[in-house]
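Listed below, chain by chain, are the residues.
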Amino acid sequence: MKRTIREPLPGGGLVLAVSDRPGPPPLRFEADGRRRLLRQGGRPLLLGRLEGEGCCHQLRVRRLDGHRSPLPPVRAETMRAPGAWPHRYARWLEDAVEGPLHDGRWLLGERNSFAPGIWTEDFVTGWPDGRLDLFCGGGWHGVLPLRRLSSPDAPRVKAYRKHAREGTLAPVLLWWVSFLDGWLLLDGHDRAVAALEEGGVPPCVVLTRLEDDERWRRTAAEMTERWRRETAEPAPAGGERLRAVREEGHALALASLPYDEAPTEVWPFAGTPADWDGLPADGASIWA
């Protein structure tokens, strides 16, 4: 993959503008009715089925072995070297053979704080099955690992715990998936376990798909035209302060449009019936 156009952001993040991968990418979601499949290359990694009626559903998932991180192993000397992690991860994602990038705009930004429960109650530690409650208006809002988590006593986890105590632990890579209202853990499973065992939240770099230029510019034009119509008349006596507040709000809304989250792309199912072999058709007891 050629190097993408990068837009550095305040705080160390950046936006990638990908234009040479029309998709579907090697790591992608596919849909077949109420079923969802996460595929990496030719391998199914996650099988899911939506259950329930109305706007609130449960997604029953079964993960399969075979996930390959889109990032290379992060060595100890790299973790101790200063550097901008979003930029490093961007370069590695550009070079990844089985990553999620496809044409469009992508945000990579660091995140070190989360709402309570995301890395505890809503961190799916069991393997291989899980149940995600996709509640109306709130979604699920948790973290789903893509491989079995190591024991806290595993040698690699112990080594990472030392980095966590020293403050040199490399961030894990999360992929924000809009229809889950949650994150997939793409890289750093052992680092996540180490940070949690040390009583902290893993440092994270989050990958999020953004609105395409055409869409956000169209929205900006519509908002501006609407604002012109609403402010065509002079402000009434004493209304200047209110208008100034509204103008500031309008300007902030326009400035945020290029960085609004876009829905995660879900591609048409491109497999065979054998891809669903690990997913029971009748809600069997293994989903309990």
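In this report, we go over the structure that sits alongside the text. (Residues numbered from 1 in each chain as written. Predicted model: local features only at pLDDT ≥ 70, side-chain atom pairs only at ≥ 80, totals over all residues. Heavy atoms only, no water.)

### Regarding the overall build of the protein
Consideration 1: A tally of regular secondary structure across the protein gives six helices and 13 strands.
Consideration 2: When its C-alpha atoms are laid out on the principal axes, the protein stretches across 70 × 50 × 40 Å.
Consideration 3: Scored against the burial criterion, the 288 residues of the protein give a buried share of 45%.
Consideration 4: Within the protein, residue pairs in contact and separated by at least 24 positions form 69% of the contacts whose partners lie at least 6 positions apart.
Consideration 5: Entry remark: accessible area of the protein is about 14500 Å², with carbon and sulfur atoms responsible for 52%.
Consideration 6: The protein carries 40 positive and 41 negative side-chain charges, and their two centres are separated by 4 Å. (Helix = DSSP H or I, 4+ residues; strand = E, 2+ residues; numbered from the N terminus. Buried < 20%, exposed > 50% of the residue type's maximum accessible area, 1.4 Å probe, protein only. Contact = heavy atoms within 4.5 Å. Areas by Shrake-Rupley, 256 points an atom, 1.4 Å probe, with all protein chains shown as cover. Lys, Arg positive; Asp, Glu negative; His and termini not counted. Charge placed at Lys NZ, Arg CZ, Asp CG, Glu CD.)

### Section: the environment of V177
Consideration 1: Mapping V177 onto the fold places it in strand 10 (residues 172-177).
Consideration 2: Taking the C-alpha atoms as reference points, V177 and G48, separated by 129 residues in sequence, lie 14 Å from one another.
Consideration 3: Setting aside its immediate chain neighbours within four residues, V177 contacts F29, G182, L184 and T264.

### Things to note about the pairing of strand 1 (residues 5-8)
A regular strand places its side chains on the two faces of the sheet in alternate fashion.
Consideration 1: When strand 1 meets strand 2 (residues 14-18), the two strands line up antiparallel, connected through four bridges. Across the sheet, P8 pairs through a bridge with L14, a residue of strand 2. (Pairing = 2+ DSSP bridges.)

### Some thoughts on the nonpolar core
Consideration 1: Counting 44 residues, the largest nonpolar core has L38, L108, L173, W175 and L184 as its most contacted members.
Consideration 2: Here this core gets five residues from one element, more than from any other, and that element is helix 2 (residues 85-95).
Consideration 3: Not counting the four nearest positions on each side in its chain, W175 is found in contact with L27, F29, L38, P100, W106, G182, W183, L184, L186, L207 and T264.
Consideration 4: Core analysis: the second largest hydrophobic core is formed by 13 residues, F114, F123, V143 and V206 among them. (Core = buried A, V, L, I, M, F, W, Y, C linked by side-chain atoms within 4.5 Å.)

### With respect to the environment of E261
Consideration 1: For E261, the position within the fold is in the loop between helix 6 (240-256) and strand 13 (266-268).
Consideration 2: The class for E261 is partly exposed, based on a relative accessible area of 40%.
Consideration 3: Sequence separation between E261 and D213 is 48 residues; the distance between their C-alpha atoms is 12 Å.
Consideration 4: Among the polar contacts listed, one links the side chain of E261 to the side chain of W176, at a separation of 3.0 Å. (Polar contact = N/O pair within 3.5 Å; in protein donor to acceptor, adjacent residues only side chain to side chain.)

By themselves, these are just geometric observations and shouldn't be taken as functional.
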